[in-house]
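Chain and residue survey
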Amino acid sequence: MSENMKLTLKVWRQKDAKSQGKLETYQLDKISEHMSFLEMLDVLNEQLINTGEEPVAFDHDCREGICGMCSLYINGEAHGPDRGVTTCQLHMRMFKDGDTIYIEPFRSKAFPVIKDLVVDRGSFDRIQHAGGFVSVNTSGNTIDANTIPIPKEDADNAFDAATCIGCGACVATCKNSSAMLFVSAKVAQFSLLPQGKIEAKDRVLNMVHQMDLEGFGNCTNTGACEVECPKGISLENIAIMNKEYFKASTKA
Amino acid sequence: MSVLDSKTPSGPIKDQWTNHKNNINLVNPANKRLIDIIVVGTGLAGGSAAASLAEMGYKVKAFAFQDSPRRAHSIAAQGGINAAKNYQNDGDSVYRLFYDTVKGGDYRARESNVYRLAEVSASIIDQCVAQGVPFAREYGGLLDNRSFGGVLVSRTFYAKGQTGQQLLLGAYSAMNRQIGKGKIKMYNRHEMLELVVVDGKARGIIARDMVTGKLERHSAHAVVIASGGYGNVFFLSTNAMGSNATAAWRIHKKGAYFANPCYTQIHPTCIPRSGDYQSKLTLMSESLRNDGRIWVPKNMEDVEGIRSGKIKPKDLSVDQRDYYLERRYPAFGNLVPRDVASRAAKERCDAGYGVNKTGEAVFLDFASAIERYGKEKAYVLGMHNPTDAEVKDLGKKVIEDKYGNLFQMYQKITDDNPYETPMMIYPAVHYTMGGIWVDYNLMTTIPGCYAAGEANFSDHGANRLGASALMQGLADGYFVLPYTIGDYLSHEIRTGEISTDLPEFVAAEKEVYDRLNTLINIKGTKSVDHFHKELGKVMWDNVGMSRNAAGLKEAGEKIRKIRDEFWKDVLVPGTMNEFNPELEKAARVADFLELGELFAKDALERNESCGGHFREESVELDGEQKGEAKRDDVNYRYVAAWEWTGDPAQAKLHKEELEFKDIELKQRSYK
Ligand SMILES: Cc1cc2nc3c(=O)[nH]c(=O)nc-3n(C[C@H](O)[C@H](O)[C@H](O)COP(=O)(O)OP(=O)(O)OC[C@H]3O[C@@H](n4cnc5c(N)ncnc54)[C@H](O)[C@@H]3O)c2cc1C
Ligand code: SF4
Ligand code: FES
């Protein structure tokens, strides 16, 4: 096992939203397999700063796979070659000495590039503004939390859907740039809980409407999103959403 | 020395909050529409505050440096949230939660605030369930609980190892509803870099649009700072990379007192560091101590065997292991509070018993729990003579249900399978109990400027109990601030819109411009991270788990030197008018370099051991508690609130004496 890998990086550099971007090549050595992928980029950036070049901009924050801030399309895969992890949880032990690694932003019409590897995922927020909530005031004058028992299975399934981190890997991976997995995760979470059922109809119609406005593509059931999703969000959710959507539009 | 007015209501503690709410001035709905509130931060505290204030009718502007409110650092909280629901019927009550929190905080918190926190805790759970937060449930459909350190009841609500995520997404959804209605204007990728004070009142902020680099002026009738903690002053911590002190430090420099900066929580169960390139440390939730047992080998030969890989931890029998927490603290065992558990791990590792190459790791072992759960499960399934392998498989399944994501996280980072071999863990900086001083209304010493969540100092004293930060953040934002802020704003209904052309705004913007411009133009030779790491090393070595006067004095001097170097030799590439992460970092590290010095000064001034603050000069010399931390209630029973005077070394101390009327002051014992 290696503490001393040599790597060639091909990194997407783009000054800002308006400029043309291109791949630049960088050489790195002394990369330890225990490093995380982003720590490897830290090393690159330290090297660039020290040689008077501009460091590579990339999004990240928690570095433990939960905030959804990191992105990166690595060797043609969203969040890189490992499964069930985000880029920040990817470790260099997945690569070997001498590898060439291509690093690009998450690409989609609805995710414009801000700089280098940083993209604008505001479209995801706007879909949530359209209906990703239960209309209850935060007054505290709600009923006791245990008044409505919820079958453990429903609660667990709702939880599984709710673990989506809003990273956008599903969109970046999909050849149609569809956001169905992301949107369906929220719709399914609420559809499984009594608290969410009341507004189910408006929610699904409004969220899907906003999704279309943002320029995401249609879902053609390729299933690529589920494979790349770091949180294992299941295609089941898309089935649930389709059912909810059908119910809502036929009743309308 | 002045006396700080905590504005604690009079009367019996259990009536204070109710009476206070009844006597508070209200703002009528029509007038609320004329009032602007700025909320800096959209974590649990800021997100819940922004949503609640908008629902009440105020015009809210919310700011976050991430690209979405959903990514605030609260998202990373794992284990759970406390509430005095007593669903388990194990004797829990508002009083007990209050008592545990004050005791856990080593009697350095303000009683009235903590009581209120315990009082509103139950509403938080009701609220979150109503929002569709999918907490863990039992088979009967009711909410499940677990235990956390420092308490003897089960009052922690959770959503697997992603409780913070689910609670934050709840607050985010409440915000989204208001953003959709136009009641909250959200400024993502915006960093507050200065507070604007007009005629002694907080009137707005200067923020930088991090995409374009443009400086913006925003005015409001009140400013709420909910910007999280400052643990990253240590460089390595469990905080997110972007977590920083700038918002808090900027208001400090404009007149808000900074309280107890030295109270830091070093969390006992984190993944040990693996190399110099390490950028952050990862927490393994305290909930794991419900089921994991902590140990190191008893004999030195075994330690060496394990380090060299010649023996496996599994090879050691129970009597070759030292379950040192169970040995030293039989009453609480593995569930002693964090400060106690961290020091005990350090003690073993300093004595040479650390189990990894660096000598800085102990085991957290789930084998007993896997066996116990497996047997229980087999029994329930009617398997009367299960094989060992069957028991293990069933047990693993139970553990996976409870902690699956944590185990996965561990495995991804270390490449070890914690179902098969014990985890290796070591303490790491995790949480800062210190923060901006606030009164009972959560107002800072600047009128109209409030602080909520981890950014304030209020509820945890010198040590925070597990699962209490989430509780405090949501209590502040959903249930406290929305009431208390009205008291101040009721005097603002005639103010009208505040112009951002006022000279104070112009001056504040210029200050920010000059600061950033200076940083860019130093064009020195060393990166921002270089200085941040140097600062972190001084903090960890001299102001970490164990502190003494000589080390603290040295820390102050060293930090000052690093700061001088920084302002002479830092290299910030790029320009001000673009997306520039290095510039963002530089501005934050500049503030950490001042805060760090005040931190060391505060630690030096407090010559007692309390909670997370351990002074080697202050330990029990004999008796059952020999070697344990010794608090000094005669000389240090106060909150140290520091006033900025132009230089951290010259900060002026103000004391808020703490009164304990409802809880008897005792030395903590978890024996
Ligand atoms: C790994 C981990 C696990 C934890 N687990 C638990 C747990 O199980 N239970 C528990 O009770 N507690 C836990 N905690 C502690 C708890 O998560 C935090 O104390 C709490 O979430 C802090 O919330 P907050 O709202 O105060 O701040 P944060 O969530 O940190 O939010 C800060 C906000 O301020 C914004 N901000 C900061 N500075 C600026 C600026 N200058 N300009 C604009 N915006 C700014 C950020 O963008 C962000 O939106 C954990 C902490 C960590 C690190
Ligand atoms: S569904 Fe998966 S891939 Fe898509 S945003 Fe959510 S977590 Fe990311
Ligand atoms: S940085 Fe938070 S998920 Fe990767």
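Conventions and cut-offs
- Throughout, residues of each chain are indexed from 1 in the direction in which the sequence is written.
- Here every chain gets a letter starting at A, and every ligand a number starting at 1, in the order they are written.
- Residue-level local features of this predicted model are given only where pLDDT is at least 70; pairs of side-chain atoms are given and counted only at 80 or more, and the full residue set underlies all totals for whole chains, interfaces and linings.
- Note that water and hydrogens are dropped before the side-chain values are worked out from all heavy atoms of the structure.
- UniProt positions are given in the numbering used here, feature names are shortened, and annotations may be inferred rather than shown by experiment.
- Here a residue counts as near a molecule or strand whenever at least one of its heavy atoms sits within 4 Å of it.
- In DSSP terms, a helix is any run of H or I states spanning at least four residues, a strand is any run of E spanning at least two, and both are numbered starting from the N terminus.
- Polarity classes work like this: nonpolar for Ala, Val, Leu, Ile, Met, Phe, Trp, Tyr, Cys and Pro, charged for Asp, Glu, Lys and Arg, and polar for all others, with Gly in that last group.
- Relative accessible area decides the class of each residue, using a 1.4 Å probe on protein chains only: under 20% of the type maximum gives buried, over 50% gives exposed, and in between gives partly exposed.
- Throughout, a residue-residue contact means that at least one pair of heavy atoms, one from each residue, lies within 4.5 Å.
- Strand pairing is assigned whenever DSSP detects at least two bridges linking the two strands.
- Geometry is summarised by axes, namely lines fitted to C-alpha atoms with helices restricted to the contacting stretch, and by angles between N-to-C directions that run from 0 to 180 degrees.
- Think of a nonpolar core as a cluster: buried Ala, Val, Leu, Ile, Met, Phe, Trp, Tyr and Cys residues, connected wherever their side-chain atoms sit within 4.5 Å.
- Salt bridges are counted wherever a side-chain nitrogen of Lys or Arg sits within 4 Å of a carboxyl oxygen of Asp or Glu.
- The term buried area refers to how much accessible surface (probe radius 1.4 Å) is lost by two components on association, counted for both of them together.
- Pairing of N or O atoms within 3.5 Å defines a polar contact, subject to two protein rules: one partner must be a possible hydrogen donor and the other a possible acceptor, and residues neighboring in sequence count only if both atoms are side-chain atoms.

Going by the annotation in an unreviewed UniProt entry, the name recorded for chain B is succinate dehydrogenase, with Putridiphycobacter roseus given as the source organism. In its Sequence similarities (unreviewed entry) section, the UniProt entry covering chain B states "Belongs to the FAD-dependent oxidoreductase 2 family. FRD/SDH subfamily." Quoted verbatim from the Catalytic activity (unreviewed entry) field of the UniProt record, the comment on chain B reads "a quinone + succinate = fumarate + a quinol".

**What about the site of ligand 2?**
Residue and element names in this part refer to chain A. Around ligand 2 lies a shell of 13 residues, among which Cys164, Cys167, Gly168, Cys170 and Cys229 are the nearest. Within the residue set of the shell around ligand 2, elements represented by two or more residues are α4 (169-173) and α5 (180-191). When the residues that make up the shell around ligand 2 are grouped by side-chain class, the tally is eleven nonpolar, two polar and no charged.

**Remarks on the UniProt feature "domain: FAD-dependent oxidoreductase 2 FAD-binding" (unreviewed entry) in chain B**
According to UniProt, the "domain: FAD-dependent oxidoreductase 2 FAD-binding" (unreviewed entry) feature falls on residues 36-470 of chain B. Helix makes up 32% of residues 36-470 of chain B and strand 18%, whereas the separation of the span's terminal C-alpha atoms amounts to 26 Å.

**Side note on the side chain of threonine 86 of chain A**
All names here are of chain A. Counting through the fold element by element, threonine 86 comes out in the loop between β4 (77-78) and β5 (100-104). Of the residues examined, threonine 86 reaches a relative accessible area of 1% and is grouped as buried. Ignoring sequence-local partners within four residues, the contact set of threonine 86 consists of Gly65, Cys70, His79, Ile165 and Pro230.

**Topic: the sheet that holds strand β5 (residues 184-187) of chain B**
Sheets are built from strands that pair by backbone hydrogen bonding, the pairs being arranged parallel or antiparallel. All names here are of chain B. Pairing is parallel across the open sheet formed by five strands, whose spatial order is β5-β2-β1-β9-β17. Every other strand in the sheet has two partners, leaving β5 and β17 (449-451) as the edge strands with one partner each. Direction aside, neighbouring strands of the sheet carry axes that sit 20 degrees apart on average. By the bridge criterion, five bridges tie strand β1 (residues 36-40) to strand β2 (residues 59-63) in an arrangement that is parallel. Note that in β2 the partner of valine 40 across the bridge is phenylalanine 63. Against the sheet, helix α6 (residues 163-180) engages β2 and β5, with an angle of about 110 degrees to β5.

**Notes on the nonpolar core**
Judged by nonpolar contacts, the single largest core of 241 residues is most densely connected at Ile81 and Phe135 of chain B. Discounting chain neighbours no more than four positions away, the residues touching phenylalanine 135 of chain B are Ala155 of chain A together with Ile81, Ile125, Cys128, Val129, Leu143, Phe157, Tyr158, Ala159 and Leu167 of chain B. Counting residues in each nonpolar core, the second largest holds 28 residues, with Leu44, Val56, Phe58 and Ile103 of chain A among its members.

**Focus on the sheet that holds strand β19 (residues 652-657) of chain B**
Spatial ordering of the open sheet is given by β16-β10-β18-β19 (chain B), a layout of four strands whose pairing is antiparallel. The outermost strands of the open sheet, each flanked by one partner alone, are β16 (435-436) and β19 of chain B.

**Here's the deal with the pattern of salt bridges**
Within the structure shown, the criterion is met by 77 salt bridges over all chains. Among the salt bridges present, the one from glutamate 199 of chain A reaches arginine 203 of chain A, with a minimum N-O distance of 3.8 Å. Assessed through its relative accessible area of 21%, glutamate 199 of chain A is described here as partly exposed. In this structure, lysine 7 of chain B and aspartate 439 of chain B form a salt bridge, with 3.5 Å as the shortest nitrogen-oxygen distance. Of this pair, lysine 7 of chain B sits in the segment before α1 (13-23) while aspartate 439 of chain B sits in the loop between β16 and β17, placing them 432 residues apart in sequence.

**Observations concerning the pairing of strand β7 (residues 201-209) of chain B**
Residues and elements named next belong to chain B. With eight of its nine residues buried, β7 lies for the most part within the structure. Where strand β6 (residues 190-198) and β7 come together, eight bridges link them in antiparallel fashion. Across the sheet, residue histidine 190 finds its bridge partner in β7, namely aspartate 209. From the end of β6 to the start of β7, which pair antiparallel, there are two residues, and aspartate 199 there has a positive phi angle of about 50 degrees. Following β7, the chain reverses through five residues before pairing antiparallel with strand β8 (residues 215-219); glycine 213 in that reversal takes a positive phi of roughly 85 degrees.

**Digging into the environment of alanine 248 of chain A**
All names here are of chain A. Along the chain, the position of alanine 248 falls in helix α9 (residues 236-251). Owing to a relative accessible area of 3%, alanine 248 belongs among the buried residues under this scheme. Those residues in contact with alanine 248 that lie beyond four places of it in its chain are Lys201, Val204 and Leu205.

**Digging into the interface of chain A and chain B**
On the side of chain B, 79 residues touch chain A, which itself brings 69 residues to the contact. Buried area between chain A and chain B, summed over both chains or domains, comes out near 6,100 Å², and the portion from carbon and sulfur atoms is 52%. Of all residues in chain A, Glu64, Thr138 and Phe159 of chain A give up the largest surface area on contact with chain B, accounting jointly for 12% of the area buried on that side. Counting across the chain A and chain B interface gives eight salt bridges. Among the salt bridges present, the one from aspartate 59 of chain A reaches arginine 189 of chain B, with a minimum N-O distance of 2.8 Å. In this assembly, chain A and chain B are joined by 41 residue pairs in polar contact (both at pLDDT 80 or more). Of all the elements in the fold, those that place two or more residues in the side of chain A that touches chain B are α1 (37-50), β6 (113-115), β7 (118-119), α2 (122-131), α3 (152-162) and α5 of chain A.

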